[in-house]
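Below are the chains, spelled out letter by letter.
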Amino acid sequence: MHAIVKSFKTYIVEGRFVSLFVSLVIVVMRAAMFSRGDTLLVVYPDTGYLWQYVAHWFADPMVSHASSTLSVFLIAGLISAMNHRFTLIRSRSSLPFTAPLFLLSLHPWFMVMRADYVAIIFVLIAFFPLLKSYQISNDPLFSFRSAILIGIASLFQIYALAMLPLWWHGEWSMRGPHFRSFLSSLFGLSLVYVSLFAQYFLVDDVEGFVRPFLSFAAFSLPQLPAFSLMEWGVVALAGLYFISNMVLSIRVYSRDKVLTLNFMQFVVFLIILQLLLQLLYWKETLFFLSLSIALISYLNAYFYTRTQSPAYIYLALLIVATGFLFYLSHFSK
């Protein structure tokens, strides 16, 4: 094993205290970004049902920042727990925990508590029954559980409903197409929304029930931003970074066990579709982009845990350095 690969795996991937060290660094980074005060850059409309009733809890900037930080750690913890629970990476690795912490702390947008965080947490929890259903073909209970969790996520962020038809692709990849599972997922979602409709019907506010669904008709393709040449270079590098890591990951996980292969293929499928949906609703929400970043972090964690190439380790270090430069760029504005 090359010296740089051995050092990377010993001190970064498998280091005993690396998760604690990175956690402390992330807390300091987020606190520094918060202290700058430039965290409410863009305000998107509330498209859910429940966020309006709890948003006032996070009206205080300090509470909002602390809650967003806890949410990011919970997201990282869920991704890490999912990896350990189903042994998706067949070696010890801290990257499934540290990678999402890092990527979700590089921009002021992530310093404020939003409904997106709650929805992403429920979507990630929905992965557990999906993975548990692997090769269990006669039990639609897993589809029912996932649909309920996605339904609850959509109560905070209605765009999470777009996950349900995408989820069926993941269920088919885990255990093949089953009509009972399809009906079970629809039944699980209907339980959430029939109960919700009953509440709105009782208070004679059916229009309020329908209003969030109208958000799906609010297409808003992004306009070409007036970036400088350097900023366009950063955008191009980010796109190249995602594409290259996705391609490189495919080459690695294609030789892994079937569960990991199916899961990683589903993650790539979700990332691509989520980014396309983000283009359609660019001015309405950043939910799809935020979820994509969380999923991309696991894709990267898998690849850089398994790779044995010194060139890719150098690439990982370059990516971390670029991420820090992107983070620091917000202090110069």
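Whatever comes next refers back to the structure up there.
Residues numbered from 1 in each chain as written. Predicted model: local features only at pLDDT ≥ 70, side-chain atom pairs only at ≥ 80, totals over all residues. Heavy atoms only, no water.

Here the focus is the packing of aromatic side chains. Counted under the stated rule, the structure contains 32 aromatic pairs. Geometrically, the ring pair formed by Y159 and F216 is edge-to-face, given 5.4 Å between the ring centres and 70° between the ring planes. Note that Y159 is positioned in the loop between α7 (141–156) and α8 (163–175) and F216 in the loop between α10 (206–210) and α11 (229–253), a separation of 57 residues in sequence. In textbook terms, an aromatic cluster arises when at least three aromatic residues are bridged by ring pairs, as seen for Y49, Y193, F197, Y200, F201, F209 and F213. When the ring centre of F86 is taken as origin, the NZ or CZ atom of R85, which lies over that ring, is 4.8 Å away. Over the aromatic face of W109 sits the side chain of R114, whose NZ or CZ is 3.4 Å from the ring centroid. (Phe/Tyr/Trp six-rings, centres within 6.5 Å; stacked < 30°, edge-to-face > 60°. Helix = DSSP H or I, 4+ residues; strand = E, 2+ residues; numbered from the N terminus. Lys NZ or Arg CZ within 6 Å of the ring centre and 35° of its normal.)

Counting 101 residues, the largest nonpolar core has I75, F127, W167, Y193, F263 and F287 as its most contacted members. Sort the elements by how many residues they give to this core and helix α13 (residues 287–306) lands first, with 13 residues. Every residue in contact with F287, bar those within four places of it in the chain, is listed here: D116, A119, I120, V123, Q157, Y159, A160, Q274 and Q278. (Core = buried A, V, L, I, M, F, W, Y, C linked by side-chain atoms within 4.5 Å. Buried < 20%, exposed > 50% of the residue type's maximum accessible area, 1.4 Å probe, protein only. Contact = heavy atoms within 4.5 Å.)

Quick look at the environment of L74 now. Tracing the sequence through the fold places L74 in helix α4 (residues 61–86). For L74, a relative accessible area of 42% gives the class partly exposed. When the C-alpha atoms of L74 and Y117 are compared, they prove to be 9.6 Å apart, with 43 residues separating the residues in sequence.

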